[in-house]
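Residues per chain, in single letters:
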Amino acid sequence: MEKIVLSKNHLRAIGASLLIVEELLQEMEYVLNHFNDGVLSKMNDDISDETKDSSLKTITEARALVEELSLKYELPVRKLNMSRFIESRNTKIWEILSGTSSKKLRGYGKFPQEHSTEFDNDIQKLLDITNQIELQ
């Protein structure tokens, strides 16, 4: 396979696009292989085993092509430390929960006063628990 040289700007744009495609393919593959419901989300498994198998084969083919394109265009590889990944998700949890107090929900209407303290305590408890996720 002949390598193709592109400008750094093109490489960044193409690399970013293919990185997102790769992540979406990984997510689809995970859901097809590890079907799990959450507490607040339920997934209706409406795909036949035959269709799942076919989709997984196609996903594998697409991921192989992403790899081939990565080599062909010498795309930069994003390197992540797991600790940074977990820290970034934990920071996002903190941002979301910090904006989920009874006072900050006023934009959706007046929060019932009789439940505000209990609600704020519940959100704080969840925030305290997630703050305990330590990586060192």
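Everything below is about the structure printed above this text.
In this text the structure is predicted, and so the values were computed from the model without any measurement.

> Tell me about the pattern of salt bridges, and name the residues and values.
In a structure, side chains of opposite charge can pair up when their charged atoms sit close to one another. Applying the stated rule across the entire model yields four salt bridges. Ionic pairing is found between R63 and E29, a salt bridge with its closest N-O pair at 2.3 Å. A residue pair is termed long-range when its members are at least 10 positions apart, and R63 in helix 2 (residues 49-72) and E29 in helix 1 (residues 8-33) qualify at 34 residues. The class of R63 is partly exposed, set by a relative accessible area of 27%. We note a salt bridge from D45 to K52, for which the minimum N-O separation is 2.8 Å. Taking the relative accessible area as the measure of exposure, D45 reaches 39% and is therefore partly exposed.

> Could you give an account of the environment of K103, naming the residues involved and the relevant values?
In this structure, K103 sits in the loop between helix 3 (82-98) and helix 4 (113-130). Taking relative accessible area as the criterion, K103 reaches 60% and is therefore assigned exposed. It is 46 Å that separates the C-alpha atoms of K103 and R63, two residues lying 40 residues apart in sequence.

> Describe helix 2, with residues and values.
For helix 2, which comprises 24 residues, the first-to-last C-alpha distance of 34 Å matches the rise-based estimate of 34 Å (1.5 Å per residue) to within 8%. When we look at burial in helix 2, the residues that qualify are K52, L56, I59 and V66. Buried residues belonging to helix 2 abut helix 1.

> Outline the layout of surface pockets, supporting the account with residue identities and numerical values.
Counted as a void, the largest pocket has a volume near 560 Å³. L18, L19, E22, E23 and R78 are, among the 20 residues lining the largest pocket, the residues nearest its centre. Elements with a minimum of two residues in the lining of the largest pocket: helix 1, helix 2 and helix 3. If you tally residues by element for the lining of the largest pocket, the top one is helix 1, at nine residues.

> Please provide a residue-by-residue account of a nonpolar patch on the surface, values included.
A contiguous nonpolar patch, built from I20, L24 and M28 and spanning about 280 Å² of accessible area, is present on the exposed surface. Structurally, I20 is set in helix 1.

> I'd like to hear about the packing of helix 1 against helix 2, residue by residue, with values.
Look at helix 1 against helix 2: their axes get within 10 Å of each other, and the N-to-C directions meet at 155°. The angle between helix 1 and helix 2 falls in the class roughly antiparallel. For the pair helix 1 and helix 2, the sense of crossing is left-handed. Of helix 2, the residues touching helix 1 (which contributes L18, V21, E22, L25, Q26, M28, E29, L32 and N33) are K52, S55, L56, I59, T60, A62, R63, V66 and L69.

Parameters and conventions
Residues numbered from 1 in each chain as written. Predicted model: local features only at pLDDT ≥ 70, side-chain atom pairs only at ≥ 80, totals over all residues. Heavy atoms only, no water. Salt bridge = Lys/Arg side-chain N within 4 Å of Asp/Glu carboxyl O. Helix = DSSP H or I, 4+ residues; strand = E, 2+ residues; numbered from the N terminus. Buried < 20%, exposed > 50% of the residue type's maximum accessible area, 1.4 Å probe, protein only. Expected span 1.5 Å × (residues − 1). Contact = heavy atoms within 4.5 Å. 1 Å grid on protein atoms, 1.4 Å probe; cavity = no way out; pocket = protein on both sides within 12 Å on 5 of 7 lines; lining within 4 Å. Points joined across faces, edges and corners; volume = space filled by probe spheres on them. Patch = residues over 30% accessible without salt bridge, like charges linked within 9 Å, V, L, I, M, F, W, Y side chains within 5 Å. Areas by Shrake-Rupley, 256 points an atom, 1.4 Å probe, with all protein chains shown as cover. Axes fitted to C-alpha atoms, helices over the stretch in contact; angles between N-to-C directions. Parallel < 35°, antiparallel > 145°, perpendicular 65-115°, else oblique. Left-handed = near helix turned anticlockwise from the far one by under 90°.

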